[in-house]
Number of protein chains: 2
Amino acid sequence: MLTISLFAPSSFLVQTTPVLVMKFGGTSLADPERILAAIGLIDQAADEGFSPVIAASAMGKTTDALIDLARQLDADIDGPDRDLLLSTGEVVSCALLSAALNARGRPAVALTGQAAGIVTDQSHGRARIQYVAARRLRSEVAAGRIPIVAGFQGASRGGRVTTLGRGASDTTAVALATALDADHCRIYTDVDGIYSADPRLVPAARKIAQISYEEILEMAALGAGVMHARSVEVAGRNRVPIEVRSSFNSNPGTWIMHADQIDIETGAGVRAVVDDADVAQITVVGVPDRPGLAHSVFAPLAEDDISVDVIVQNISHQGLSDISFTVQRSDYEKALAATQLTAREIGAQQVTSDPQVAKLSLVGTGMVSTPGVAAGMFGCLAETGINIRGITTSEIRVTCLIGEAHLAKGARALHTAFGLDA
Amino acid sequence: MLTISLFAPSSFLVQTTPVLVMKFGGTSLADPERILAAIGLIDQAADEGFSPVIAASAMGKTTDALIDLARQLDADIDGPDRDLLLSTGEVVSCALLSAALNARGRPAVALTGQAAGIVTDQSHGRARIQYVAARRLRSEVAAGRIPIVAGFQGASRGGRVTTLGRGASDTTAVALATALDADHCRIYTDVDGIYSADPRLVPAARKIAQISYEEILEMAALGAGVMHARSVEVAGRNRVPIEVRSSFNSNPGTWIMHADQIDIETGAGVRAVVDDADVAQITVVGVPDRPGLAHSVFAPLAEDDISVDVIVQNISHQGLSDISFTVQRSDYEKALAATQLTAREIGAQQVTSDPQVAKLSLVGTGMVSTPGVAAGMFGCLAETGINIRGITTSEIRVTCLIGEAHLAKGARALHTAFGLDA
């Protein structure tokens, strides 16, 4: 470092203003009007004394339009071609944002992921950021320019453009915040923040002020798609505070931070009710119980690349056992066919299935220290007349499997019972 | 070179098939249907035993749409932002072409100008190619892949994306052909080739089979915009044969080559009649003649960045002279105002002007050795009843200034008189 610094004295400059990474999603850059709104937010952050660094997504439906073009050519586009094609969407956003800022006298510089030093592995279409060679970014910030970085993309060491997978502009933002030791990372989107339940299902849902990385990850795993899961992992590992907020209003958003940084809260220790209707259940009935039974059932599914979720196995009666599990609905038919084959091989009595089930979960780090959350959940569902068809838990989550028809009713009852209503 | 080769033995590989650079313009890639037609032409060239190397323009009106987006942001976009924005159009074309070729089992690789090694100076928006670092291209060709290179763009040595100016994908193609020592360079466009006159003006115009670089440059300077002038200069300097042909049919096109390679032709030595209606004329009348007069008139125009074309100064009578010149119509008002100011300063009697004039020219290398072309032209126009308001000549061109109203009539008469009619 010292040797290099001799030739680059600018790296000794003391950075006086904290870096704020601002990420604008597709809906926040959908048209010229939205782009101008984003410019206003960047201006405001600069006026507040931050050095803004921007991560930009492609405008609105650009990415879909590009994929559709390829489809019209009967080109099953993948690999480097697909990455290069899709990477252009974010570059357009960056150039426009930079031009608009420069035109307003706010010096900015548009950078592709590659130019910003985002180095990834070679997994085209789902590349992982290995590191950010942030020297260029640091010198732009030191020179008083606002770097506008194309999200969702980088380049392999061989210099080929890669993409991080859809929605991964969040990951770009967090990686930039980590590399630049940012004050925090602000994710602008089309919702106000993260809610204690899906407001479409639970009208009394309210915005959560603070939530931990672990809680968000549990919610993401359950299908609540506010933040890209990998970006939360990276943020958690590097303790980068994130604020998720709307670019359509100036309401405060939701802060995602380390559990030990979150204000001590009163209440039940339950942060949110999470629903997931994308579930199908398969049960193998009357299997002769013997060692290796679970392996026989699940190995064929793993070979078919089917993810299995909630697994319930009852205790053996007279040498016979039942094994029940859930899969995503898109995998239902394939999983059912594979399981029927297995059932014959292992001498099971029958296979029953239901493609219309749902998962209802309580999530909250406070649950660890709050006894009786699980019992309270089972009681509440029983009072509401909802039958529980399976249960799984983690340290900060309890999940019940129920019939899909009862999902809204159950979510509302739990939201009220655990004191989450607004 | 030897030292480098020791570490890159692939550069010793003997290339067995000749390289053919194929350039597809915007209309030839306007939609998926046209892109598939281009794929067919590339397939055909490969089947004919060529190693194709492609230079691709942006699809149809993409570039205009991008500029329009910037305009909606009130961003007077220029410099690096503009170049990065516009460069995405060609990258999209390249990725689509490459994907479609790969999907059809024809290995291809899409390359930005930067990835293809096109190094330019730093003049954003009108950069000049300094050289092509063709190692990557050569290794792709040697490996049997078809490089699809984004036209119109490169990168400065500092690594910033630059563009060559509009229409300059032709220049990219010629630079690639030069660097790869290509057999020739084929420019696909929406016209069949280069014509002996504008067919809209002269119905008897016919396609020219062969034409020299010098002739095309004279025609381009006169406003006949078939090929980008700089690309012809580069091709001429490196003796790269060019074929201009249509991607909409399989008609043979026009070959552009060195004069000494062109078949000896019979006829008048006149290759084409070229019209240009984008002309306005300004005359300073009754100027006291003295040394430095021309400088006084033209220096203010040069300062205003106005190009002056046909200049006519008559011989002084009684110490007074007239100076007449033409400008492009878009510069007319500015030029007139500047000249009126000058006229007062230098004591001229008056300034007259006419924004509705036109240039009519004969072009042909054979004219050098064919006496009487100019005289024949003046005679033909006189017989047609057209007044000549100014004359300029080069070795291979005679240009007459006439009233715009007479342009079509004059062009047809000259086309017939010089034996060019189909």
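Residues numbered from 1 in each chain as written. Chains lettered and ligands numbered in written order. Predicted model: local features only at pLDDT ≥ 70, side-chain atom pairs only at ≥ 80, totals over all residues. Heavy atoms only, no water.

**Focus on the overall build of chain A**
Here comes step 1: Assigned secondary structure in chain A consists of 12 helices and 18 strands.
Here comes step 2: Once the C-alpha set of chain A is aligned to its principal axes, its extents read approximately 80 × 55 × 45 Å.
Here comes step 3: Looking at the 422 residues of chain A, the share that counts as buried comes to 52%.
Here comes step 4: Of the roughly 18,400 Å² that chain A leaves accessible, carbon and sulfur atoms contribute 51%.
Here comes step 5: Put simply, chain A has 34 plus and 46 minus side-chain charges, and the middle of one group is 4 Å from the middle of the other. (Helix = DSSP H or I, 4+ residues; strand = E, 2+ residues; numbered from the N terminus. Buried < 20%, exposed > 50% of the residue type's maximum accessible area, 1.4 Å probe, protein only. Areas by Shrake-Rupley, 256 points an atom, 1.4 Å probe, with all protein chains shown as cover. Lys, Arg positive; Asp, Glu negative; His and termini not counted. Charge placed at Lys NZ, Arg CZ, Asp CG, Glu CD.)

**Topic: the interface of chain A and chain B**
Where interface size is quoted, it is often the accessible area lost as the parts come together.
Here comes step 1: With 32 residues of chain A at the interface, the matching set in chain B holds 32 residues.
Here comes step 2: Buried area between chain A and chain B, summed over both chains or domains, comes out near 2,600 Å², and the portion from carbon and sulfur atoms is 74%.
Here comes step 3: Ranking the residues of chain A by area buried against chain B places A:Leu73, A:Asp81 and A:Leu84 at the top, with a combined share of 23%.
Here comes step 4: Between the two partners, chain A and chain B, sit 0 salt bridges.
Here comes step 5: Listed by contribution, the elements that provide at least two residues to the side of chain A that touches chain B are α2 (32-47), α3 (62-72), α4 (79-103) and β3 (108-111) of chain A.
Here comes step 6: Sorting elements by how many residues they give to the side of chain A that touches chain B places α4(A) first, with 13 residues.
Here comes step 7: The class makeup of the residues in the side of chain A that touches chain B is 21 nonpolar, 5 polar and 6 charged. (Contact = heavy atoms within 4.5 Å. Buried area = accessible area lost by both parts, 1.4 Å probe. Salt bridge = Lys/Arg side-chain N within 4 Å of Asp/Glu carboxyl O. Nonpolar A, V, L, I, M, F, W, Y, C, P; charged D, E, K, R; others polar.)

**What about the pattern of salt bridges?**
Here comes step 1: This model, assessed by the stated rule, comprises 32 salt bridges over all chains.
Here comes step 2: The partner of A:Arg239 in a salt bridge is A:Asp260, and the shortest N-O contact between them spans 2.8 Å. Taken together, the positions of A:Arg239 in the loop between α8 (229-238) and β11 (242-246) and A:Asp260 in the loop between β12 (254-257) and β13 (272-288) put the pair 21 residues apart, joining distant regions of the chain.
Here comes step 3: B:Arg329 is paired through a salt bridge with B:Glu404; the nearest N and O atoms lie 3.0 Å apart. Of the two residues, B:Arg329 sits in the loop between β15 (320-327) and α10 (332-346) while B:Glu404 sits in the loop between β18 (397-403) and α12 (407-417), which places them 75 residues apart along the sequence.
Here comes step 4: A relative accessible area of 25% means that B:Arg329 is categorised as partly exposed.
Here comes step 5: Accessibility expressed as a relative area gives 26% for B:Glu404, which makes it partly exposed.
Here comes step 6: Connected through shared salt-bridge partners, A:Asp43, A:Asp47 and A:Arg106 make up one network.

**A closer look at the sheet that holds strand β4 (residues 118-120) of chain B**
Remark on secondary structure: sheet strands pair via backbone hydrogen bonds, oriented parallel or antiparallel.
Residues and elements named next belong to chain B.
Here comes step 1: Taken in spatial order, the 4 strands make up an open sheet running β5-β4-β7-β8, and their pairing is mixed. Only two strands of the sheet have a single partner each, and these edge strands are β5 (129-132) and β8 (161-163). Strand-to-strand twist in this sheet, taken as the mean axis angle between neighbours without regard to direction, amounts to 45°.
Here comes step 2: Along the sheet, helix α6 (residues 169-179) contacts β4, β5 and β7 (153-156); its crossing angle with β5, the most-contacted strand, is approximately 40°. (Pairing = 2+ DSSP bridges. Axes fitted to C-alpha atoms, helices over the stretch in contact; angles between N-to-C directions.)

**Here we look at the environment of B:Gly40**
Residue and element names in this part refer to chain B.
Here comes step 1: Note that Gly40 resides in helix α2 (residues 32-47).
Here comes step 2: By relative accessible area, Gly40 is classed as partly exposed at 33%.
Here comes step 3: In this structure, the C-alpha to C-alpha distance between Gly40 and Gln356, residues 316 residues apart in sequence, is 46 Å.

**Side note on the sheet that holds strand β17 (residues 390-394) of chain A**
Residues and elements named next belong to chain A.
Here comes step 1: If you walk across this open sheet you meet the 6 strands as β14-β15-β13-β16-β18-β17, and the pairing is antiparallel. Here the strands that pair on one side only, and so sit at the sheet edges, are β14 (308-313) and β17. For this sheet the average axis-to-axis angle between neighbouring strands, irrespective of direction, equals 30°.
Here comes step 2: The sheet contacts of helix α11 (residues 373-383) involve β16 (350-363), β17 and β18 (397-403), and relative to β18 the element is tilted by about 20°.

**Re the relation of the copies chain A and chain B**
Here comes step 1: Superposition record for chain A on chain B: RMSD 0.3 Å, screw rotation 179°, translation along axis 0.1 Å. With respect to symmetry, the two chain copies, as superposed, fit the operation of a two-fold axis. The position closest to the rotation axis in chain A is occupied by the C-alpha of A:Thr88, lying 2.5 Å away.
Here comes step 2: Comparing interface residues between copies, 100% of those in chain A also lie at the interface in chain B; the contact surface is shared. (Least-squares fit on C-alpha atoms with pLDDT ≥ 70 in both.)

**Here's the deal with the side chain of A:Lys23**
Residue and element names in this part refer to chain A.
Here comes step 1: Checked against the element boundaries, Lys23 lands in strand β1 (residues 19-24).
Here comes step 2: In this structure the side chain of Lys23 is engaged in a polar contact, spanning 2.9 Å, whose partner is the side chain of Asp170.
Here comes step 3: Once residues lying within four places of it in the same chain are set aside, the contact partners of Lys23 are Ala55, Ser57, Ser169, Asp170, Ala173, Arg186, Ile187 and Tyr188. (Polar contact = N/O pair within 3.5 Å; in protein donor to acceptor, adjacent residues only side chain to side chain.)

**Remarks on the pairing of strand β13 (residues 272-288) of chain B**
Residues and elements named next belong to chain B.
Here comes step 1: Burial analysis of β13 places 14 of its 17 residues in the buried class, which makes it a mostly covered element.
Here comes step 2: The sheet contact formed by β13 and strand β16 (residues 350-363) spans 11 bridges and is antiparallel. Note on β16: the bridge partner recorded for Asp276 is Lys359.

**Points about α8(A)**
All names here are of chain A.
Here comes step 1: Here α8 has its buried residues at Arg230, Ser231, Val232, Val234, Ala235 and Gly236.
Here comes step 2: Buried residues along α8 sit in contact with α6 (169-179), α7 (213-221) and β11.
Here comes step 3: Downstream of α8 by one or two residues, Arg239 has phi in the positive range, about 55°.

**With respect to the environment of B:Val141**
All names here are of chain B.
Here comes step 1: Within the secondary structure, Val141 sits in helix α5 (residues 135-142).
Here comes step 2: Owing to a relative accessible area of 8%, Val141 belongs among the buried residues under this scheme.
Here comes step 3: Residues Val141 and Ser196 lie 55 residues apart in sequence; the distance between their C-alpha atoms is 37 Å.

**Notes on the packing of α7(A) against α8(A)**
Residue and element names in this part refer to chain A.
Here comes step 1: Two elements in contact, α7 and α8, have axes separated by 10 Å at closest approach and are oriented at 165°. The pairing of α7 with α8 is recorded here as roughly antiparallel in orientation. Judged by the twist between their axes, the crossing of α7 over α8 is left-handed. Here Tyr213, Ile216, Leu217 and Ala220 of α7 come into contact with α8, specifically with Ala229, Val232, Glu233, Ala235 and Gly236.
Here comes step 2: In terms of residue class, the contact of α7 with α8 is built from 7 nonpolar, 1 polar and 1 charged. (Parallel < 35°, antiparallel > 145°, perpendicular 65-115°, else oblique. Left-handed = near helix turned anticlockwise from the far one by under 90°.)

**Thoughts on the packing of aromatic side chains**
All names here are of chain A.
Here comes step 1: This model, assessed by the stated rule, comprises 4 aromatic pairs over all chains.
Here comes step 2: Between the aromatic rings of Phe24 and Tyr188, the centroid separation amounts to 4.8 Å while the plane-to-plane angle is 5°, which identifies the pairing as stacked. Taken together, the positions of Phe24 in strand β1 and Tyr188 in strand β9 (residues 184-189) put the pair 164 residues apart, joining distant regions of the chain.
Here comes step 3: Across the ring face of Phe248, the terminal group of Arg34 is positioned such that the distance to the ring centre comes to 3.6 Å. (Phe/Tyr/Trp six-rings, centres within 6.5 Å; stacked < 30°, edge-to-face > 60°. Lys NZ or Arg CZ within 6 Å of the ring centre and 35° of its normal.)

**Examining the side chain of B:Ser296**
Residue and element names in this part refer to chain B.
Here comes step 1: Positionally, Ser296 belongs in helix α9 (residues 293-303).
Here comes step 2: Within the structure, Ser296 has its side chain in polar contact with the backbone oxygen of Gly292 (distance 2.8 Å).
Here comes step 3: Sequence-distant contacts of Ser296, defined by excluding residues within four places in its chain, comprise Arg290, Thr342 and Ile346.

**Some points on the environment of A:Ala422**
All names here are of chain A.
Here comes step 1: Within the element layout of this structure, Ala422 appears in the segment after α12 (407-417).
Here comes step 2: On the accessibility criterion, Ala422 (81% relative accessible area) is exposed.
Here comes step 3: Expressed as a C-alpha distance, the spacing of Ala422 and Val308, which sit 114 residues apart in the sequence, is 35 Å.
Here comes step 4: Among all residues touching Ala422, those that are not within four sequence positions of it are Ala204 and Arg206.

**Some words on α6(B)**
Residues and elements named next belong to chain B.
Here comes step 1: Burial runs high along α6: 9 of the 11 residues are buried.
Here comes step 2: All buried positions along α6 are accounted for by Ser169, Asp170, Thr171, Thr172, Ala173, Val174, Ala175, Leu176 and Ala177.
Here comes step 3: Of the residues one or two after α6, Asp181 is the one with positive phi, at around 50°.

**Things to note about the confidence of the model for chain A**
Residues and elements named next belong to chain A.
Here comes step 1: Confidence along chain A averages 89 in pLDDT terms, with 94% of residues attaining 70 or more.
Here comes step 2: Low pLDDT (under 50) marks residues 1-12, which in the prediction has 5 contacts with non-local residues, meaning those over four places away or in another chain.
Here comes step 3: For this predicted complex, the interface score ipTM comes out at 0.79, alongside a pTM of 0.81. (pLDDT = per-residue confidence, 0-100.)

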